[in-house]
Amino acid sequence: MPHKPADAAPEARSGIQVIERMMKLLDVLSYHHDPVSLKQLALETGLHPSTAHRILAAMATSGFVERADPGTYRLGIRLLELGNVVKSRISIGQAAMPLMQRLHQQLGESVNLGVRQGDEIVYVERTSSGRSSVRVVHLVGARAPLHVTAVGKLYLAEDGPQKLREYAKRTGLPGYTPTSLTTLGALEREVERARRHGVAFDNEEIEQGLRCIAAPVRDDAGELVAGLSVSAPAERHSADWAALVKETADAISLAIGYTPAAGRQ
């Protein structure tokens, strides 16, 4: 009989044990306002000092922990960054859903809220139309490349020309349908259109038979933090929805603290 499954079990337990020890160290660090010595961390977590030191070194490399004075540690800035991301998404989702539902009632189509993660859009909220015969890809948690989504084009417009070229070079602009924009020139023109008009379109570029309109959601600093979109089968889609989508996105922005003076001109 092969021994691989039996060998894998201790390795899995060991990995889980390391994670548990990391969490213990983070919890103890969170209780202390000032930097904590390695000796104190080992005492409060029950870990051997050498074990605690090894795990803390790994967490420091990732920014989850920072070394303060020699031999002392505190929580790292990476935790603040992640916390702000979570806080932002929670507040956006809570503010957005009532307005998304209102837009859904007005148009009778799927309304989506997407955020950027790297070179993709991740859909974090959605109202379903329940009437589409087309498989809508904008499910909560679904991902799609920036250049073939309306929300993604908003982020590319925000990036500016140089970062857009870098994105095109990095990804190769793969196509998914006959109307996908797979050349830099075509994408640049479409992104510039989105920048000028404040709304972006997906013309059956991620899925044939499905079109989308998106408008930006900005936070209190004027930063683009999400895109609101309406997706519908091509035969029901109307470019006239753009004004309503933009109006709703603006209302969500105001609800999370955006003021027009904070926006980028």
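Residues numbered from 1 in each chain as written. Predicted model: local features only at pLDDT ≥ 70, side-chain atom pairs only at ≥ 80, totals over all residues. Heavy atoms only, no water.

Here we take up the overall build of the protein chain. Across its full length, the protein chain carries eight helices and nine strands. Looking at the protein chain alone, contacts between residues at least 24 apart form 58% of all its contacts between residues at least 6 apart. (Helix = DSSP H or I, 4+ residues; strand = E, 2+ residues; numbered from the N terminus. Contact = heavy atoms within 4.5 Å.)

Moving on to the sheet that holds strand 1 (residues 36–37). Picture the strands of a sheet paired through backbone hydrogen bonds; they go either parallel or antiparallel. If you walk across this open sheet you meet the three strands as 1-3-2, and the pairing is antiparallel. Each end of this open sheet is capped by a strand with a single partner; those strands are strand 1 and strand 2 (65–67). Direction of pairing for strand 2 relative to strand 3 (residues 72–75): antiparallel, over a ladder of three bridges. Bridging across to strand 3, Glu66 finds its partner in Arg74. Across the sheet, helix 3 (residues 49–61) is in contact with strand 2 and strand 3; its angle to strand 2 comes to roughly 105°. (Pairing = 2+ DSSP bridges. Axes fitted to C-alpha atoms, helices over the stretch in contact; angles between N-to-C directions.)

Right, let's talk about the nonpolar core for a bit. Leu113, Val217 and Leu228 are the most contacted members of the largest nonpolar core, which has 51 residues in total. Element by element, the count of residues in this core is highest for helix 4 (residues 77–107), at eight residues. In this structure, Leu29, Leu47, Ala52 and Ile55 belong to the second largest nonpolar core, which totals 14 residues. (Core = buried A, V, L, I, M, F, W, Y, C linked by side-chain atoms within 4.5 Å. Buried < 20%, exposed > 50% of the residue type's maximum accessible area, 1.4 Å probe, protein only.)

Our focus in this paragraph is helix 5 (residues 150–159). Of all ten residues that make up helix 5, eight are buried, and the element is covered over most of its length. Turning to helix 5, its buried residues number three or more, namely Ala150, Val151, Gly152, Lys153, Leu154, Tyr155, Leu156 and Ala157. Where helix 5 begins, the side chain of Thr149 points an oxygen toward the backbone nitrogen of Gly152, at a separation of 2.9 Å. Gly160 sits one or two positions beyond helix 5 and adopts a positive phi of about 95°. (Polar contact = N/O pair within 3.5 Å; in protein donor to acceptor, adjacent residues only side chain to side chain.)

Looking now at the environment of Leu38. Tracing the chain through its elements places Leu38 in helix 2 (residues 38–45). For Leu38, a relative accessible area of 19% corresponds to the buried category. Among residues more than four places away in sequence, those in contact with Leu38 are Pro49, Ala52, His53, Leu56, Gly71 and Tyr73.

Strand order in this open sheet of six strands is 6-5-4-9-8-7, and the pairing throughout is antiparallel. One side of each edge strand has no neighbouring strand; the edge strands of this open sheet are strand 6 (143–145) and strand 7 (200–203). Recorded for the sheet is a direction-independent mean angle of 30° between the axes of neighbouring strands. In terms of strand pairing, strand 5 (residues 120–127) meets strand 6 through three bridges, oriented antiparallel. Considered in strand 6, the bridge of Ile121 is made with Ala144. Where helix 8 (residues 242–255) meets the sheet, its contacts fall on strand 7, strand 8 (210–218) and strand 9 (224–233), and the angle it forms with strand 8 comes to roughly 30°.

Oppositely charged side chains are able to pair whenever their charged atoms sit close together. One pass over the structure, following the stated rule, counts twelve salt bridges. Between Arg195 and Glu192 there is a salt bridge; the shortest N-O distance is 2.8 Å. With Arg195 and Glu192 both in helix 7 (residues 184–197), this residue pair falls three residues apart, about one helical turn. (Salt bridge = Lys/Arg side-chain N within 4 Å of Asp/Glu carboxyl O.)

Let us look at the pairing of strand 3. In the sheet, strand 1 pairs with strand 3 via two bridges, with the strands oriented antiparallel. Bridging from a neighbouring strand, Val36 pairs with Tyr73 of strand 3. Connecting strand 2 to the next strand, strand 3, in antiparallel fashion are four residues, including Gly71 with a positive phi near 80°.

The quantities given are spatial measurements derived from coordinates; they are silent on function.
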